[in-house]
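Single-letter residue listing:
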Amino acid sequence: MDERHAASAADGPEAEHEVDIAIVGGGLVGASLGAALAPLIQREGLSVAVIEAAAVRERAAEPWQPSFDARASAIAQGSARHFADLGLWPAMAEQAAPIRCIHVSERGRFGVTRLRGEELGVEALGHVIPNAWMGRVLHRRLAELPLGWHCPARVAAIDPSPTGYRLRLSDGGRLRARLTVLADGGRSGLKERLGIDSDHRPYDQVALIASVEMSEPHRGVAWERFTAEGPIALLPLRGQAMELIWTHAAGREKRRLALPDGDFLAELQRAFGDRAGRFRRVGSRHAYPLSLVTARETVRPGLAVLGNAAHALHPVAGQGFNLALRGVMDLVAALEAGLGADESPGSSRVLADFEARRAADRHNVVRFSDGLVRLFGIDSALLSHARAAGLVGLNLAGPLRRGLARRAMGLER
Ligand SMILES: Cc1cc2nc3c(=O)[nH]c(=O)nc-3n(C[C@H](O)[C@H](O)[C@H](O)COP(=O)(O)OP(=O)(O)OC[C@H]3O[C@@H](n4cnc5c(N)ncnc54)[C@H](O)[C@@H]3O)c2cc1C
């Protein structure tokens, strides 16, 4: 690991290292990109550096202890296939719980829709995997690759150069990259420093996340229940636990975050009802303010923006990481095509190819997720009826429902 960069450490902290690709951020998206670049690193000798602000590698080396509190993500079938293509699915699957059925309903209304894997000829509509486990599998893969691993180190400054971008790291390191990929989650201010504007639409909602233990086996059912206060999602985890994503009007979550466990569970039971059984136990609760943030530019010569830095979505449809992973795969495909044509990784042609592969999918998923929030997020009598009708309609209208399912599974763009 880190051979190229270790070899040049004698140059002193100020020496500037040249790399083909610098990935800013080794979170789920940046680490996935590093892993997906493996064939190009190994076969084409592409030099890659990953810069990650948080000290993650040390944690990855510790024995895995499944935590009741871990955050988890719904991974679409399409994403599972991508992980399989990268040789990572067997390891991911060790902690994955299959979603066999998605049950969508509205509290106090008649409408209900169920999406079953078997109707679509698949064993699972998707899987739920703890984020910490995905991170660990990805970081283990990175550790096997001859890439520059700068961690913990922050990219403190980024400036355009004639051949790409120059990066200054918080540990004194300096890099010059032909292609810089911003996968920093969009909160580091680097995008803004480069003058890349984003459209922000605050939803005035906060997602309260926690693991909950149920009285009944979940049998692989994922629940999406729309209540007057906002959607409640329950995703199956391994064992009898489920991941709760409870959306609140901003500010209303504070009281629930502070409630004793027993009172919290009682309120959750009242809001969700008994369909999934009794809520027995809750892990630590976390709050995530929700907004739709989309970068107005996702490529410039020498620069690509991926993951939450490019698009932060409402988690209601569980699409953010799935969309980002398709972006990772498309970027690697564009880079591979570019290398075959002797193009620099940061060339306008390579990045235009990437953007052409991405634009429609990104637009559709942003519209789909935002549409769901608008359809189900507001409490008005008229909308409630429309929503109930929509849910019943969804149940009756096979092709529409199958279309929704295929999109949710990441099999359709
Ligand atoms: C409540 C909630 C539930 C969700 N559920 C789902 C789901 O079920 N399915 C799904 O597909 N998606 C889901 N998402 C979306 C998903 O979590 C995101 O799409 C994903 O985490 C984005 O990953 P990322 O790597 O782009 O950003 P991040 O996870 O934010 O990672 C960015 C990384 O960059 C590092 N970094 C930041 N600044 C710097 C810097 N200056 N220098 C170096 N490193 C830096 C950070 O330390 C971090 O590790 C959910 C999101 C939320 C909020």
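Quick notes on the rules
Residues numbered from 1 in each chain as written. Predicted model: local features only at pLDDT ≥ 70, side-chain atom pairs only at ≥ 80, totals over all residues. Heavy atoms only, no water. Helix = DSSP H or I, 4+ residues; strand = E, 2+ residues; numbered from the N terminus. Buried < 20%, exposed > 50% of the residue type's maximum accessible area, 1.4 Å probe, protein only. Pairing = 2+ DSSP bridges. Axes fitted to C-alpha atoms, helices over the stretch in contact; angles between N-to-C directions. Near = heavy atom within 4 Å. Polar contact = N/O pair within 3.5 Å; in protein donor to acceptor, adjacent residues only side chain to side chain. Areas by Shrake-Rupley, 256 points an atom, 1.4 Å probe, with all protein chains shown as cover. Nonpolar A, V, L, I, M, F, W, Y, C, P; charged D, E, K, R; others polar. Domains from an automatic or database assignment. Salt bridge = Lys/Arg side-chain N within 4 Å of Asp/Glu carboxyl O.

**Student:** Before we move on, can you summarise unusual backbone geometry with the specific residues and values?
**Tutor:** Looking along the chain, the bond that leaves C151 and enters P152 is cis, with omega of 0 degrees. Mapped onto the secondary structure, P152 falls in the loop between β8 (148-150) and β9 (155-161). The phi torsion at D204 lies on the positive side, around 55 degrees, for a residue other than glycine. In this fold, D204 is placed in strand β12 (residues 198-214). Judged by relative accessible area, D204 falls into the exposed class, the value being 55%.

**Student:** An account of the pairing of strand β2 (residues 48-51) is needed here, citing residue identities and associated values.
**Tutor:** Judged by which residues are buried, β2 turns out to be covered on both faces: V48 and V50 on one side and A49 and I51 on the other are all buried. Bridge count between strand β1 (residues 16-24) and β2: four bridges; the pairing is parallel. By the bridge assignment for β2, I21 is matched with V48. Here β2 pairs with β8 via three bridges, running parallel.

**Student:** Run through the sheet that holds strand β7 (residues 126-130), naming residues and quoting values.
**Tutor:** With antiparallel pairing, the three strands of this open sheet are ordered in space as β3-β7-β4. Each edge of the sheet is formed by a strand with only one pairing partner; in this case those strands are β3 (72-76) and β4 (97-99). The average undirected angle you get between the axes of adjacent strands in this sheet is 30 degrees.

**Student:** Tell me what's going on with the pairing of β9, and back it up with residues and numbers.
**Tutor:** Counting buried residues in β9 gives five out of seven residues, a clear majority hidden from the surface. When β9 meets strand β10 (residues 164-169), the two strands line up antiparallel, connected through six bridges. Bridge pairing in β10 links I158 to L167. Counting the residues between successive antiparallel strands, the hairpin from β9 to β10 contains two residues.

**Student:** Which residues make up the site of the ligand, and what values do they have?
**Tutor:** For the ligand, the set of nearby residues contains 31 residues, the closest of which are E52, A74, V155, N308 and F321. Residue R71 places a side-chain N or O atom 3.0 Å away from an oxygen atom belonging to the ligand. A total of 1000 Å² of accessible area belongs to the ligand in isolation, and the protein chains cover 87% of it. Those elements that place two or more of their residues in the shell around the ligand are α2 (28-36), β3 and α11 (320-340). With three residues, α11 is the single largest residue contributor to the shell around the ligand. Classifying every residue of the shell around the ligand gives 15 nonpolar, eleven polar and five charged. Summarising the domain contributions, the shell around the ligand has at least three residues from each of domain 1 (3-66 + 134-199 + 293-370) and domain 2 (72-130 + 201-291 + 380-408).

**Student:** Could you give an account of the pattern of salt bridges, with specific residues and numbers?
**Tutor:** Tallied over the full model, the rule gives 24 salt bridges. Note that E16 and R176 form a salt bridge whose closest N and O atoms lie 2.8 Å from each other. Residue E16 is located in strand β1, and its partner R176 is located in strand β11 (residues 174-182); the two are separated by 160 residues in the primary sequence. By relative accessible area, which is 26% here, E16 ends up partly exposed. The salt bridge involving R358 is made with D330; its shortest N-O contact spans 3.0 Å.

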